[in-house]
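Next come the chains, spelled out residue by residue.
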Number of protein chains: 2
Amino acid sequence: MGVALRSYGEPVSASAAVVTVPIPQLRTALVRALVRAGVAEDEAHLQAENLLEGDLRGHPSHGARRLPLLVERIHRGLVTSGVPPTMTWTTESVLEVDGRDGLGAVVAHQAIDEISDRARSTGIALACVRKAHHVGMLAPHVERIAQGGMIAIAMTTSEALVHPWGGTKALLGTNPLGIAIPTGRADAPFVLDMSTAAVSRGRILDHAERGLPLPPGWAVDDEGTPATDPATAQAISPFGGPKGFALGLALELLVAQLTQTEVGARVHGTLDATEPVTKGDVFLAVSLERLGIAMGGPDILGYLEELRGSSADPATPVLIPGDRARVARERHTRDGVHLSREVWEGVRRLADRKGSTT
Amino acid sequence: MGVALRSYGEPVSASAAVVTVPIPQLRTALVRALVRAGVAEDEAHLQAENLLEGDLRGHPSHGARRLPLLVERIHRGLVTSGVPPTMTWTTESVLEVDGRDGLGAVVAHQAIDEISDRARSTGIALACVRKAHHVGMLAPHVERIAQGGMIAIAMTTSEALVHPWGGTKALLGTNPLGIAIPTGRADAPFVLDMSTAAVSRGRILDHAERGLPLPPGWAVDDEGTPATDPATAQAISPFGGPKGFALGLALELLVAQLTQTEVGARVHGTLDATEPVTKGDVFLAVSLERLGIAMGGPDILGYLEELRGSSADPATPVLIPGDRARVARERHTRDGVHLSREVWEGVRRLADRKGSTT
């Protein structure tokens with residue numbers, strides 16, 4: 001397996017024994033683990049909610065599973081806490097944010113507060129964030145902006161895991177795109193959060209651990225041939241062939257250029273435990289209210305219902321982006337989340353300060 | 001074939017006899033045809049260049065082939081000329097544009113001039129355009145913004161041709177996305193211009209005319225099964241499965257909301273000859289110079305070369321978005337473009353005012 005696709009020590013297997021953890025218990029443990037690692041109380045709460053959202057929405061790769069690596073980075077001094085980001089309005093509508101190596105969720109939260117406030121008067125505001133750690137899922141960030149009656153776009157770069165179309169080497173991040181649009185129903189904004197990779201690294205690692213072959217289209221070997229054996233996988237494929245590659249590359253360049261951060265193999269800090277963070281995040285907010293535009297304008301809710309009802313199979317409605325995550329979130333909030341025993345014991349160990357990752 | 005996929009009288013076949021037309025000759029004919037249809041001289045030049053760019057860049061579906069339909073819409077009074085768009089700065093950075101049924105290329109040109117000028121002082125400017133006709137390829141528009149040292153994003157909606165993932169009916173436009181990013185080399189900005197459909201309507205019509213089967217993944221029949229017989233094709237598939245659908249839908253909602261235009265089957269005016277235009281265009285410009293960001297910052301040119309050189313097959317470099325169009329444009333500018341005899345004769349007929357489309 002290519003270096004980029006190796007596990008960095010985090011547990012990945014979905015086949016391991018699973019425990020159901022009530023949300024309040026998981027939240028408390030995450031906060032305690034972060035505080036015991038030296039994170040300020042208020043920042044620990046924000047970062048814990050960010051990880052929690054990954055598990056709540058059914059994307060455990062962005063959930064509690066990420067805690068051990070984050071704590072290790074904190075112990076190594078790569079992540080700071082209690083150091084407020086430097087936020088500079090370069091122009092009235094463009095905010096430059098130096099995260100000063102702060103927690104991703106914390107810096108993003110502050111940047112988003114700033115641009116949301118600003119967009120209420122200017123109509124539009126853009127935040128360009130560098131030196132902040134992993135931002136977690138984009139969905140909660142853009143959803144928060146949309147709840148203020150604004151259209152939101154979020155982009156973030158990450159370690160090179162994806163090969164260019166026709167190539168063999170991992171030279172692009174999974175470069176996700178988040179878009180939220182108010183629909184006029186506060187509890188149901190439209191929320192897109194998608195990676196430009198065909199599949200997550202976590203799913204490839206999971207297949208490797210379980211000895212399962214990879215479906216064609218997930219990854220390539222060092223000759224650029226679809227890798228069915230996880231051991232030969234060198235890089236994840238972009239989704240949708242050349243167009244997915246094109247989109248991922250555009251996002252890589254756009255974020256790097258606006259945040260003055262790195263591209264390709266020079267992006268570090270969200271998967272490793274040793275490198276300073278060199279990725280960037282971009283957030284855009286456009287206030288519909290300020291522009292005098294009615295939310296949900298061209299009957300967005302009716303249109304989304306029309307789409308849902310247009311399925312080829314009446315038993316299975318068309319899924320609108322965000323539908324699956326919304327259902328998962330409701331169920332998990334009520335019933336708790338399913339974590340592998342290994343992940344949950346890792347969180348508890350860090351929360352109880354028995355043992356250490358360093 | 002589904003209604004949405006039918007030809008509206010425009011010639012589509014690539015199998016017909018082909019003629020090579022020098023660019024000055026095609027330009028002159030396009031301008032004359034537009035002027036004779038009643039378009040003001042300066043507007044005719046802008047619109048002709050826009051059509052020309054489609055052919056020059058190797059996308060004839062956005063080229064001279066579109067002239068007859070455009071002229072017919074002009075004759076029917078659906079397209080106006082000499083009526084300047086109403087442009088209102090709702091805030092310092094957000095421009096609302098009512099195209100007043102003007103030519104797409106003309107309205108876009110003016111809107112882009114406005115936001116480019118504005119972004120030079122505000123850093124960022126957004127144009128939300130309604131009631132303008134077909135905008136043509138997005139590439140020339142975003143490229144023009146990027147030539148001013150700015151990052152550009154363009155989005156536009158169009159008639160419903162694409163089915164939602166899991167659906168059967170054409171309920172989304174092909175909703176293309178244009179992104180241009182300065183690289184520090186004025187003659188080679190990064191330019192992405194991609195539709196969110198798996199394939200263009202033109203290619204499906206072309207296969208139908210030539211009696212060729214459709215490759216799976218291009219379209220579905222009325223049961224949602226991949227259509228290999230063009231006669232059973234009901235809707236074009238989104239590229240990249242559920243993610244391509246998600247992206248296309250996000251763009252549909254985003255444009256409709258910002259421009260206060262229509263969604264889904266209520267979008268008209270770029271393929272038919274009878275309906276008032278109800279699609280929208282969005283353009284965003286971010287001035288790197290104003291933000292104090294060096295163009296081509298994280299060695300974008302070097303990175304793009306690294307990508308090009310990372311091909312699995314050394315004989316075939318990885319294609320960067322825009323590469324193919326750039327080469328085609330140079331060749332066609334020098335050698336002329338290949339048009340089907342039918343298209344070229346249609347243009348000449350309109351230019352010479354022999355015959356009429358109405």
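Computed from a prediction, not measured in an experiment: that's the story for all the values here. (Residues numbered from 1 in each chain as written. Chains lettered and ligands numbered in written order. Predicted model: local features only at pLDDT ≥ 70, side-chain atom pairs only at ≥ 80, totals over all residues. Heavy atoms only, no water.)

Participant: Help me get a handle on the sheet that holds strand 4 (residues 124–132) of chain A, residues and values and all.
Facilitator: Residue and element names in this part refer to chain A. Overall, mixed pairing links the seven strands, which are arranged 2-3-4-10-5-6-7 in an open sheet. The open sheet has two edge strands, strand 2 (86–91) and strand 7 (190–194), and neither has a second partner. Each adjacent strand pair in this sheet contributes to an overall mean axis angle of 10 degrees, direction not counted. In the sheet, strand 5 (residues 150–156) pairs with strand 6 (residues 177–181) via four bridges, with the strands oriented antiparallel. Pairing of A154 across the sheet is with G178, part of strand 6. Contacts from helix 7 (residues 241–259) reach strand 4, strand 5, strand 6, strand 7 and strand 10 (280–287), with the element oriented near 90 degrees to strand 10. (Pairing = 2+ DSSP bridges. Helix = DSSP H or I, 4+ residues; strand = E, 2+ residues; numbered from the N terminus. Axes fitted to C-alpha atoms, helices over the stretch in contact; angles between N-to-C directions. Contact = heavy atoms within 4.5 Å.)

Participant: Kindly report on the relation of the copies chain B and chain A, identifying the contributing residues and their values.
Facilitator: It takes a turn of 180 degrees to lay chain B on chain A, together with a shift of 0.0 Å along the axis; the resulting RMSD is 0.0 Å. The superposition of one copy onto the other is thereby described by a two-fold rotation axis. Across chain B, the smallest distance between a C-alpha and the rotation axis is recorded for G240(B), namely 1.8 Å. Comparing interface residues between copies, 100% of those in chain B also lie at the interface in chain A; the contact surface is shared. (Least-squares fit on C-alpha atoms with pLDDT ≥ 70 in both.)

Participant: Describe the nonpolar core, with residues and values.
Facilitator: Residues L249(A), L258(A), L249(B) and L258(B) are the most contacted members of the largest nonpolar core, which totals 106 residues. Excluding residues that lie within four positions of it along the chain, L249(B) makes contacts with F190(A), Y303(A), L304(A), L307(A), I320(A), P321(A) and L172(B). (Core = buried A, V, L, I, M, F, W, Y, C linked by side-chain atoms within 4.5 Å. Buried < 20%, exposed > 50% of the residue type's maximum accessible area, 1.4 Å probe, protein only.)

Participant: Pulling in residues and values, what's your account of helix 2 (residues 41–56) of chain A?
Facilitator: For helix 2 of chain A, with 16 residues, the first-to-last C-alpha span of 22 Å sits near the 22 Å given by 1.5 Å per residue. Packing partners of the buried residues in helix 2 of chain A comprise helix 1 (23–36), helix 3 (67–75), helix 4 (104–122), helix 5 (139–146), helix 9 (323–335) and strand 11 (337–340) of chain A. (Expected span 1.5 Å × (residues − 1).)

Participant: An account of the domain arrangement of chain A is requested, with residue identities and associated values reported.
Facilitator: A common way to express how large an interface is: the accessible area buried when the components associate. Residue and element names in this part refer to chain A. Annotation of chain A at the domain level lists domain 1 (8–78 + 327–352) and domain 2 (86–287). Relative placement of domain 1 and domain 2: their C-alpha centres are 20 Å apart. With 23 residues of domain 1 at the contact, the number on the domain 2 side is 29 residues. Where domain 1 packs against domain 2, one counts two salt bridges. Here E143 makes a salt bridge to R57, at a shortest N to O gap of 3.2 Å. Counting only elements with at least two residues in the side of domain 1 that touches domain 2, the list comes to helix 2 and helix 3. For the side of domain 1 that touches domain 2, the element with the highest residue contribution is helix 2, accounting for six residues. Of the residues contributing to the side of domain 1 that touches domain 2, the split by class is eight nonpolar, seven polar and eight charged. (Domains from an automatic or database assignment. Salt bridge = Lys/Arg side-chain N within 4 Å of Asp/Glu carboxyl O. Nonpolar A, V, L, I, M, F, W, Y, C, P; charged D, E, K, R; others polar.)

Participant: Any chance you could break down the pattern of salt bridges for me, citing the residues and the numbers?
Facilitator: Note on pairing: side chains with opposite charge can pair once their charged atoms come close. According to the stated counting rule, one finds 38 salt bridges over all chains in the structure shown. Its salt-bridge partner being E53(B), residue R57(B) comes within 2.7 Å of it at the nearest N-O pair. Considered together, R57(B) and E53(B) belong to a single accessibility category, that of buried residues. With its nearest N and O atoms 3.1 Å apart, the salt bridge here joins R210(B) to D206(B). Of the two residues, R210(B) and D206(B) both sit in helix 6 (residues 201–210), four residues apart, roughly one turn of that helix. One network of salt bridges, in which partners are shared, links E53(A), R57(A), E143(A) and R329(A).

Participant: Got a sec to walk through the interface of chain B and chain A? Specific residues and values, please.
Facilitator: The interface is formed by 78 residues belonging to chain B together with 78 residues belonging to chain A. Run the count over chain B and chain A and you get zero salt bridges. Where chain B touches chain A, the interface holds 19 residue pairs in polar contact (both at pLDDT 80 or more). Counting residues per element, the side of chain B that touches chain A draws most heavily on helix 7 (residues 241–259) of chain B, which supplies 13 residues. Broken down by class, the residue content of the side of chain B that touches chain A amounts to 46 nonpolar, 22 polar and 10 charged. (Polar contact = N/O pair within 3.5 Å; in protein donor to acceptor, adjacent residues only side chain to side chain.)

Participant: So what about the side chain of T91(A)? Which residues, and what values?
Facilitator: Looking at the secondary structure, you find T91(A) in strand 2. T91(A) gets classed as buried once you look at its relative accessible area, which sits at 6%. Within the structure, the side chain of T91(A) is placed 2.7 Å from the backbone oxygen of T122(B), a separation counted as a polar contact.

Participant: Pulling in residues and values, what's your account of the packing of helix 7 of chain A against helix 8 (residues 300–308) of chain B?
Facilitator: Between helix 7 of chain A and helix 8 of chain B, the least distance of the axes is 12 Å, while the angle of their chain directions is 160 degrees. When the axes of helix 7 of chain A and helix 8 of chain B are compared, the pair comes out roughly antiparallel. Of the two elements, helix 7 of chain A crosses helix 8 of chain B, and the hand of that crossing is right-handed. Residues L249(A), E252(A), L253(A) and Q257(A) of helix 7 of chain A form the contact with helix 8 of chain B, whose own contacting residues are I300(B), Y303(B), L304(B) and L307(B). Each residue belonging to the contact of helix 7 of chain A with helix 8 of chain B can be placed in one class, and the counts come to six nonpolar, one polar and one charged. (Parallel < 35°, antiparallel > 145°, perpendicular 65-115°, else oblique. Left-handed = near helix turned anticlockwise from the far one by under 90°.)

Participant: Can you lay out the packing of aromatic side chains for me, pointing to particular residues and giving the numbers?
Facilitator: The final tally for this structure, using the stated rule, is one aromatic pair over all chains. Cation over ring: R118(B) sits above W89(B), and NZ or CZ is 4.0 Å from the ring centre. (Phe/Tyr/Trp six-rings, centres within 6.5 Å; stacked < 30°, edge-to-face > 60°. Lys NZ or Arg CZ within 6 Å of the ring centre and 35° of its normal.)

Participant: Please provide a residue-by-residue account of the sheet that holds strand 5 (residues 150–156) of chain B, values included.
Facilitator: All names here are of chain B. With mixed pairing, seven strands are arranged side by side in an open sheet as 2-3-4-10-5-6-7. Here the strands that pair on one side only, and so sit at the sheet edges, are strand 2 (86–91) and strand 7 (190–194). The mean angle between the axes of side-by-side strands here comes to 10 degrees, regardless of whether they run parallel or antiparallel. Sitting on the sheet, helix 4 (residues 104–122) touches strand 2, strand 3 (94–102), strand 4 (124–132), strand 5 and strand 10 (280–287), and the angle it makes with strand 4 is about 165 degrees.

Participant: Could you give an account of the packing of helix 1 (residues 23–36) of chain B against helix 3 (residues 67–75) of chain B, with specific residues and numbers?
Facilitator: All names here are of chain B. At a minimum axis separation of 10 Å, helix 1 and helix 3 run at an interaxial angle of 15 degrees. Classed by the angle they form, the pair helix 1 and helix 3 counts as roughly parallel. Viewed along their axes, helix 1 and helix 3 form a crossing whose handedness is right-handed. For the pair helix 1 and helix 3, the contacting residues are L30, A33 and L34 in the first and L67, L70 and I74 in the second. Residues belonging to the contact of helix 1 with helix 3 are distributed by class as follows: six nonpolar, no polar and no charged.

Participant: Tell me about the pairing of strand 5 of chain B, and name the residues and values.
Facilitator: All names here are of chain B. For strand 5, the buried fraction is high: seven of the seven residues fall into the buried class. Side chains M150, A152, A154 and T156 of strand 5 all project onto a buried face; the interleaved residues I151, I153 and M155 project onto the opposite face, where all are buried too. The pairing of strand 5 with strand 10 spans seven bridges and is classified as antiparallel. Within strand 10, the position partnered with M155 by the bridge is V282.

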